[in-house]
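Coordinate analysis (summary)
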Amino acid sequence: MQIGKMGLPQFARPRGQDGESSPNLYVANCGPAVGHSFDTVASVFSSFGEVKGVYAADESGARVIVSYIEESSAQEALKALNRRPCPDLGGRFLHIQYSIHQAPKQVHMNNSNPVALVASEVNIPGLYLWHDFITATEEEELLAEVDDRPWKSLAKRRVQHYGYEFLYETRNIDTRQHMGELPSFVSPVLERISSISDVDGAANMDLDQLTVNEYPSGVGLSPHIDTHSAFEGSIFSLSLAGPCIMEFRRYSEGVSVPEPVSGTDSKVENPDSSSNFVRRAIYLPARSLLLLSGEARYAWHHYIPHHKVRKGPCKCEFPQCCDLQR
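Note that the coordinates shown come from a computational prediction; the quantities given were computed from them, not determined experimentally.

1. Remarks on the overall build of the protein chain
- From N to C terminus, the protein chain includes seven helices and 20 strands.
- Scored against the burial criterion, the 326 residues of the protein chain give a buried share of 44%.
- At a minimum sequence separation of 6, the contacts of the protein chain that also span at least 24 residues come to 77%.
- As displayed, the protein chain has an accessible area near 17,100 Å², and 48% of this comes from carbon and sulfur atoms.

Put into structure tokens, the structure is as follows:
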């Protein structure tokens, strides 16, 4: 059985409210962004028949495709779960339609990009991702801690610095200005990082700088590589309060890449204007931990696309569970 494999271009909802019957179900209000792992979703839906795979329906993380071996299993699941609370999924009301399989389309660099759900699918050495690295309760506690501390406002976001302050004007730190030890609220995260078994040397990593970034809806990161001299070998990133999609780009030798004027706070004009790069993307769920090391750290630009935020009520078929309303 496949869990969370890249399936964005493979399935589509048929037009109309009901659509033709199929062994594939489009399930809204369900997925990593609302606290349900793909394994959990598969376990719940497997009570109606053998599940062939669970896939991300789109980039929101709140909609999935459940694919059965038998069409009759999908029919039973839709009849039992559609528009009803599911106790095994936190009591959430699921909104289910049949989904049809469509042939994969060629991916063009300037249009769509397949989104991986696990680091191995990205195929970038030194890139690691751990889902559910902290619990939902720990996430709430961390958010409460940082909310009570002073922020520094930049053009499009707010930041907090601990250990050393990152100076956006010079894109570096002043090693002579040590701000003290990292705050106690991050200690459990550091202890858990030191116990990671699938990364060599994790126990001996000296993590002495922390930046907390608060990004409003629609604000992302322009393509960049974090300053080598400031951050050295390994960078961990813990996602809180929501998911996102991060892209990675490796530019061809000799290609000039524009850097943001003030850290990663300014938008690079026409970031897709050059075709001289390899492009990958990965979905980062809330509470996941990302590690950039080695080639991923030094040779690939990372990037979170800026996007417009809808104003006013959503006009999709399921506005009550639309990610644009969050």
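Moving on from the model shown.
2. A short note on the pairing of strand β4 (residues 51-56)
- Buried residues dominate β4, accounting for five of its six residues.
- Taken together, the five bridges between β4 and strand β5 (residues 63-68) define a ladder with antiparallel strand orientation. Residue pairing in the sheet places A56 in a bridge with V64 of β5.

3. Section: the sheet that holds strand β14 (residues 210-214)
- What the three strands build is an open sheet, ordered β10-β11-β14; its pairing is antiparallel. The sheet is open, and its two edges are formed by β10 (152-153) and β14, each paired on a single side.
- Of the strand pairs in this sheet, strand β11 (residues 158-162) and β14 are connected by five bridges, and their pairing is antiparallel. In the sheet register, Q160 faces β14, and the bridge partner there is V212.

4. What to know about a negative patch on the surface
- A surface patch of like charges, here negative, comprises E181, D206, D208 and E232.
- Checked against the element boundaries, E232 lands in the loop between α6 (228-231) and β16 (235-238).
- Overall, E232 belongs to the exposed group, its relative accessible area being 56%.

5. Digging into the sheet that holds strand β15 (residues 221-224)
- Taken in spatial order, the four strands make up an open sheet running β15-β20-β17-β18, and their pairing is antiparallel. Sheet topology places β15 and β18 (277-284) at the edges, where each strand pairs with a single neighbour. Recorded for the sheet is a direction-independent mean angle of 20 degrees between the axes of neighbouring strands.
- For β15 and strand β20 (residues 301-304), the ladder comprises two bridges, and the chain directions are antiparallel. Residue pairing in the sheet places H224 in a bridge with H302 of β20.

6. Section: helix α1 (residues 38-45)
- Those residues of α1 that fall on the buried side of the exposure criterion are F38, V41, A42, V44 and F45. Each buried residue of α1 sits inside an arc of 165 degrees when the element is viewed along its axis, so together they form one side.

7. Some thoughts on the packing of aromatic side chains
- By the definition in use, this model includes five aromatic pairs.
- Here Y128 and W130 contribute two aromatic rings whose centre-to-centre distance is 5.9 Å and whose plane-to-plane angle is 5 degrees, an arrangement assigned as stacked.
- Of the residues examined, Y128 reaches a relative accessible area of 28% and is grouped as partly exposed.
- Residue W130 is classed as buried on the basis of its relative accessible area, which comes to 14%.
- Ring geometry for W130 and F133: centres 6.5 Å apart, planes at 55 degrees, overall tilted. Accessibility classification places W130 together with F133 in one group, the buried group.
- An aromatic cluster is built from Y128, W130 and F133, whose rings are joined through pairwise contacts.

8. Some details on the confidence of the model for the protein chain
- Mean pLDDT over the protein chain: 79, with 76% of residues reaching 70 or higher.
- The model gives residues 1-9 a pLDDT under 50, and that stretch makes 35 contacts with residues more than four places away or in other chains.
- Residue range residues 266-270 is modelled with pLDDT below 50. Its contacts to residues more than four positions away, or to other chains, number nine contacts.

9. Focus: the pairing of β18
- Counting buried residues in β18 gives six out of eight residues, a clear majority hidden from the surface.
- Relative to β18, strand β17 (residues 244-251) is paired through eight bridges, and the arrangement is antiparallel. Directly across from I245, in β18, lies its bridge partner Y283.

Conventions used here
- Residues numbered from 1 in each chain as written.
- Predicted model: local features only at pLDDT ≥ 70, side-chain atom pairs only at ≥ 80, totals over all residues.
- Heavy atoms only, no water.
- Helix = DSSP H or I, 4+ residues; strand = E, 2+ residues; numbered from the N terminus.
- Buried < 20%, exposed > 50% of the residue type's maximum accessible area, 1.4 Å probe, protein only.
- Contact = heavy atoms within 4.5 Å.
- Areas by Shrake-Rupley, 256 points an atom, 1.4 Å probe, with all protein chains shown as cover.
- Pairing = 2+ DSSP bridges.
- Patch = residues over 30% accessible without salt bridge, like charges linked within 9 Å, V, L, I, M, F, W, Y side chains within 5 Å.
- Salt bridge = Lys/Arg side-chain N within 4 Å of Asp/Glu carboxyl O.
- Lys, Arg positive; Asp, Glu negative; His and termini not counted.
- Charge placed at Lys NZ, Arg CZ, Asp CG, Glu CD.
- Axes fitted to C-alpha atoms, helices over the stretch in contact; angles between N-to-C directions.
- Arc of directions from axis to C-beta.
- Phe/Tyr/Trp six-rings, centres within 6.5 Å; stacked < 30°, edge-to-face > 60°.
- pLDDT = per-residue confidence, 0-100.

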